[in-house]
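# Coordinate inspection notes
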Amino acid sequence: MKIRISSKRKDLILTGHCRNELYDKYKKNLDLIIEILTGGLHSKESKEKSMVRLRTKKGIWELVYVETENELILIHLKFRR
């Protein structure tokens, strides 16, 4: 799946850990990931990793990812109340 973040289209790659959190733990689908990536606030977590936070009425979604030239590798998804 390709998504536009900034001015480039990137392929989304879910790690097994992130896939388990999305589908098994939170019972959500890729629409949530796209909503977080397009509507959230992006910041650097480390030299390689970035984090995006999306505030909702019930809490905050946090998504950790690594951005390469052609891909967004989604590493970790967490919901905080």
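Every value quoted in this text rests on a predicted model; they were computed, and no experiment measured them. (Residues numbered from 1 in each chain as written. Predicted model: local features only at pLDDT ≥ 70, side-chain atom pairs only at ≥ 80, totals over all residues. Heavy atoms only, no water.)

## What about unusual backbone geometry?
Threshold: Helix and strand definitions here come from DSSP, where helices need a minimum of 4 consecutive H or I residues and strands a minimum of 2 consecutive E residues; each element is numbered from the N-terminal end. Exposure categories follow from relative accessible area, calculated using a 1.4 Å probe and restricted to protein chains: below 20% of the type maximum is buried, above 50% is exposed, and the middle band is partly exposed.
With a phi close to 55°, Lys27 is a non-glycine residue in the positive phi region. In this fold, Lys27 is placed in the loop between α1 (16–25) and α2 (30–39). What makes Lys27 exposed here is its relative accessible area of 65%.

## Quick look at the pattern of salt bridges
Formally: One side-chain nitrogen of Lys or Arg within 4 Å of one carboxyl oxygen of Asp or Glu is enough to make a salt bridge.
In the structure shown here, the tally under the stated rule is three salt bridges. Across the pair Lys10 and Glu67 runs a salt bridge whose closest N-O atoms are separated by 3.2 Å. Pair noted here: Lys10 is in strand β2 (residues 8–14) and Glu67 is in strand β5 (residues 60–67), with a separation of 57 residues, a long-range link. Its salt-bridge partner being Glu62, residue Arg53 comes within 3.1 Å of it at the nearest N-O pair. In this structure Glu62 comes out as buried when scored by relative accessible area, which is 8%. Salt bridges sharing common partners tie together Arg53, Glu62 and Arg80.

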